[in-house]
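# Remarks on the overall topology
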Amino acid sequence: MNLSRRQFLKLTTSGIGATSLGALGFAPDRVLADVRNFKLASTTQTRNTCPYCSVGCGILMYGLGDRSKNARLRLVHIEGDPDHPVNRGTLCPKGASLLDFVNSPHRLKFPEYRAPGSSEWQRVTWEWALDRIARLMKDDRDKNFIAKNAAGVPVNRWTSVGMLAASASSNESGYLTHKVFRAMGMTALDNQARV
Amino acid sequence: MALESLDIRRRSASQTRAPDVRERLEVAKLIDISRCIGCKACQAACMEWNDLRDDVGQLGGSYDNPIDLTDRTWTVMRFYEEEIADKGLQWLIVKDGCLHCADPGCLKACPAPGAIVQYSNGIVDFQQDNCIGCGYCQTGCPFNIPRYGVRDGKAYKCTLCSDRVAVGLEPACIKTCPTQALSFGAKQDMIDIANARLVDLKERGFDKAAVYDPPGVSGTHVVYVMPHGDPALYRMPREASISPLVSLWRSGFARTLGVLTMVSVVVAGFFHWMKVGPVDPDARPPREGE
C-alpha cells in the first residue's frame, strides 16, 4: 500500500481518535468480578483452647501447609470452634486477636530469671529453674512448717508459700496441682482466672 | 471463582448487562444495638480475617478506638452518650461500617468500570484492581463509609466478608460476637428476628424501639435494631438518600453534554484552522527584548 504523507497523517489521526473513544468508555466491557480467594482452603485445622481466661473457649487454629514433612506449619488464622459447648464459635476481642499473640516477636518461649536486686533478665534452662524452685520451696517448708497448733493438735500446715495455678488447666492437671500441693501442707491455693 | 462473575447484579460505570438469571439467597447482617456491649471483638476479628493492621492512632477522649474508619479499619465501634427523656443518660454503642445498600450510592457515583459491584446475594464489593482512586464513592455514600487509602490510592470498605460468604461461611465479625448482638442469614430471617426483638424491647419499656432498614436506599443488607428508635441518636441519617448530584453526574444528560462539548471543541478547532490557518510565527508581535 502506498501512502502519501498527507494520507498517512490522516490515517494516524483517525486511528488515535477511534481508539480514544474506546478508552473513554464507549467500548463494551467484560462484566466480571471476583471475591478474594478463600484463604483457608487447604490449611491444616487444629483444635485448641484459648489460653486467656477461665471461660476456656474452644478455638480452631489454621496453619499453613498440609502437615507434609517439608511444610513448616505457621499459624495464619484463628477463629472460634463452632462445636465447642462453651463458646459455640464466638470469641471475645482477646480471643479474636490470638493470631498476633501467638506470632508476636515478644512472646516468651523459654524460662527467664531475674536475680534479686538485678534489672536484667537472663535466659535459664528448665532444669536450672525447676531445681531452684524446688530448693527454695524445701528450705522455706523446713523453716516454716507447722506440724501442731498451740493446742497440740496435728495440723501439718505450710502457710508461708502459696500456689497460683492457671485457669487454662485441664481437669487432670487441676487434680494433680491440688493433690501435690495439699500433700505438702500448702493452704493458700488459688487460680488466676484472668491471665 | 469464575462462576462468581455470573452472579453480579450491578457493576459500576458499565453498560454491558451482567448475566443475572440465577437467584441467589439475599443475605443480611443484623446488628442488635440493645445487645451490644462494645467489646470490639468484631473489630478484632475483622482485622484478623482481612489481614488489616492499622497504624496505632490517637486517643479521641472516648472509648472509640480507632476513632474513625480508615482504608485499613473497615468497622469501628462508636460510643455516644445521650440524655434521653425518661431514660436518663444512655450509652449508645453503634457498630459502624458498610450497610450494603440495595441501591448503593457508591456504585452509582463510581466512574471506573467494574470498581464496585453488587453481587446477587446483596453484597456490595469494591474491586480494588479496577479502582482509580477518585474518591467519588465517598461522595456517593449516604453513610460516609468508604475510605481512600493513601498508601495505594484505592478505596476500601467492609466486604461483608464476601470471600467467606462465597464459600458458605458467615462473616468474621458475626461469628465472633460473644453477645449475639450480630446475626447473619437470609435477609427476610433477619427482618423477622429484628421484629421479634422489637416486641421484646417494647415489653421492657423501650416503646420507641425501631428497625433501621432505610427505604431511601431501597433497604440495606445490614439491618439495625435501635432500642431508642430515632436514628439520629445513633448518628445515622433519618432519611437516608443518595445525593441528587450523583444521579445528575451519572445521568445520560450529563454524559451527552460532556460528549457534545468535546465534539464541538474539536469541530470549532477544525473550522478555526480552516478559516484562520496555522499560527504564522512571523506574524506574531515581537516580545520585549526581541
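Bear in mind the structure is a predicted one, so any value in this text is a computation, not a measurement. (Residues numbered from 1 in each chain as written. Chains lettered and ligands numbered in written order. Predicted model: local features only at pLDDT ≥ 70, side-chain atom pairs only at ≥ 80, totals over all residues.)

Our focus in this paragraph is the overall build of chain B. Counting its secondary structure elements, chain B contains eight helices and eleven strands. A globule of 290 residues ought to have a C-alpha radius of gyration of about 19 Å, yet chain B, at 24 Å, is considerably larger. C-alpha atoms of chain B, sized along the principal axes, occupy 90 × 50 × 35 Å. Within chain B, the fraction of its 290 residues that count as buried is 40%. Relative to all contacts within chain B whose residues are 6 or more apart in sequence, the contacts with residues 24 or more apart total 61%. (Helix = DSSP H or I, 4+ residues; strand = E, 2+ residues; numbered from the N terminus. Rg over C-alpha atoms; globule rule 2.2 N^0.38 Å. Buried ≥ 20, exposed ≤ 12 C-beta atoms within 10 Å, placed from the backbone. Contact = placed C-beta atoms within 7 Å.)

Residues and elements named next belong to chain B. Counting residues in hydrophobic clusters, the biggest one holds 81 residues, and the most contacted among them are Ala45 and Ile116. Considering each element in turn, this core owes the most residues, seven residues, to helix H1 (residues 41-49). Apart from the residues lying within four places of it in its own chain, the contact partners of isoleucine 116 are Ser12, Cys106, Leu107, Cys110, Val124, Phe126 and Cys137. (Core = buried A, V, L, I, M, F, W, Y, C linked by C-beta atoms within 7 Å.)

All right, on to the domain arrangement of chain B then. The domains assigned to chain B are domain 1 (2-246) and domain 2 (251-283). Taking the mean C-alpha position of each, domain 1 of chain B and domain 2 of chain B sit 46 Å from one another. (Domains from an automatic or database assignment.)

The subject of this paragraph is the domain arrangement of chain A. By convention, interface size is frequently given as the accessible area that disappears when the constituent parts associate. Assigned domains within chain A: domain 1 (44-102), domain 2 (108-141) and domain 3 (145-195). On a C-alpha basis, the centroid separation for the pair domain 2 of chain A and domain 3 of chain A is 21 Å.

Another aspect to go through is the sheet that holds strand S11 (residues 222-226) of chain B. Residue and element names in this part refer to chain B. Judged by pairing direction, the sheet is mixed, and its four strands sit side by side in the order S9-S2-S11-S10 without closing on themselves. The outermost strands of the open sheet, each flanked by one partner alone, are strand S9 (182-186) and strand S10 (210-212). In this sheet, neighbouring strand axes are inclined to one another by 25 degrees on average, regardless of whether the strands run parallel or antiparallel. By the bridge criterion, five bridges tie strand S2 (residues 27-32) to S9 in an arrangement that is antiparallel. Bridge pairing in S9 places lysine 29 opposite phenylalanine 184. (Pairing = 2+ DSSP bridges. Axes fitted to C-alpha atoms, helices over the stretch in contact; angles between N-to-C directions.)

As a further point, take the environment of proline 111 of chain B. All names here are of chain B. As for its placement among the helices and strands, proline 111 is situated in the loop between helix H2 (105-109) and strand S5 (116-119). With 14 C-beta atoms packed within 10 Å, proline 111 lands in the partly exposed category. In this structure the C-alpha to C-alpha distance between proline 111 and threonine 75, which are 36 residues apart in sequence, comes to 25 Å. Not counting the four nearest positions on each side in its chain, proline 111 is found in contact with Ala13, Cys134 and Tyr136.

Along the chain, the position of glutamine 127 of chain B falls in the loop between strand S6 (124-126) and helix H3 (136-140). We classify glutamine 127 of chain B as partly exposed; it has 19 C-beta atoms within 10 Å. When the C-alpha positions of glutamine 127 of chain B and threonine 159 of chain B are compared, they lie 10.0 Å apart, and in sequence the two are 32 residues distant. In this view, glutamine 127 of chain B contacts Ala33 of chain A together with Gly114, Ala115 and Val117 of chain B; residues no more than four positions away in its chain are not counted.

Moving on, we come to the sheet that holds S5 of chain B. All names here are of chain B. With antiparallel pairing, the three strands of this open sheet are ordered in space as S1-S5-S6. Here the strands that pair on one side only, and so sit at the sheet edges, are strand S1 (8-11) and S6. The average angle at which neighbouring strand axes cross in this sheet is 25 degrees, direction not considered. Two strands pair when backbone bridges link them, and S5 and S6 are joined in this way by three bridges, in the antiparallel orientation. In the sheet register, glutamine 118 faces S6, and the bridge partner there is valine 124.

Mean pLDDT for chain B: 91, with 97% of residues reaching 70 or above. Across the assembled chains, the prediction reports ipTM 0.82 with pTM 0.82. (pLDDT = per-residue confidence, 0-100.)

Here we take up the interface of chain B and chain A. Counting residues at the interface gives 29 residues for chain B and 22 residues for chain A. Breaking the side of chain B that touches chain A down by element, the ones donating at least two residues are S1, H1, helix H4 (162-166) and helix H5 (172-176) of chain B. Per-element tally for the side of chain B that touches chain A: the top contributor is H1 of chain B, with four residues. Its residues assigned to classes, the side of chain B that touches chain A comprises 14 nonpolar, eight polar and seven charged. (Nonpolar A, V, L, I, M, F, W, Y, C, P; charged D, E, K, R; others polar.)

The subject of this paragraph is helix H8 (residues 252-276) of chain B. Residue and element names in this part refer to chain B. Taking 1.5 Å per residue, 25 residues should reach 36 Å; H8 reaches 35 Å between its end C-alpha atoms and fits that length. Of all 25 residues making up H8, only zero are buried, and the element is barely covered by its neighbours. One or two residues past the end of H8 sits glycine 277, with phi positive at roughly 85 degrees. (Expected span 1.5 Å × (residues − 1).)

Moving on to helix H6 (residues 187-203) of chain B. All names here are of chain B. When the terminal C-alpha atoms of H6 are compared, their 25 Å separation across 17 residues agrees well with the 24 Å that a helix rising 1.5 Å per residue should span. Every buried residue belonging to H6 is among Lys187, Met190, Ala194 and Leu201, and all of these are buried. Considered in projection along H6, the buried side chains sweep an arc of 55 degrees and stay on one side of the axis. Residues of H6 that are exposed and angled more than 90 degrees away from the buried face: Gln188, Asn195, Ala196, Val199, Asp200 and Glu203. Next to the buried residues of H6 lie S2, S9, S10 and S11. Glycine 205 occupies a position one or two residues after H6 and carries a positive phi of about 100 degrees. (Arc of directions from axis to C-beta.)

Take the environment of aspartate 20 of chain B next. All names here are of chain B. Structurally, aspartate 20 can be placed in the loop between S1 and S2. Given 13 C-beta atoms within a 10 Å radius, aspartate 20 is considered partly exposed. With twelve residues separating them in the primary sequence, aspartate 20 and isoleucine 8 have C-alpha atoms 6.5 Å apart. Leave out the neighbours within four places in its chain, and aspartate 20 touches Arg9 and Ser120.

Residues and elements named next belong to chain B. The omega angle of the peptide bond from asparagine 65 to proline 66 is -5 degrees, so this bond is cis rather than trans. Within the secondary structure, proline 66 is located in the loop between H1 and strand S3 (76-84). With a phi angle near 55 degrees, asparagine 144 is a residue other than glycine that sits in the positive phi range. As for its placement among the helices and strands, asparagine 144 is situated in the loop between H3 and strand S7 (147-149). Overall, the presence of 13 C-beta atoms within 10 Å leaves asparagine 144 in the partly exposed class. Even without a glycine there, the phi angle at cysteine 161 is positive, about 45 degrees. Checked against the element boundaries, cysteine 161 lands in the loop between strand S8 (154-156) and H4.

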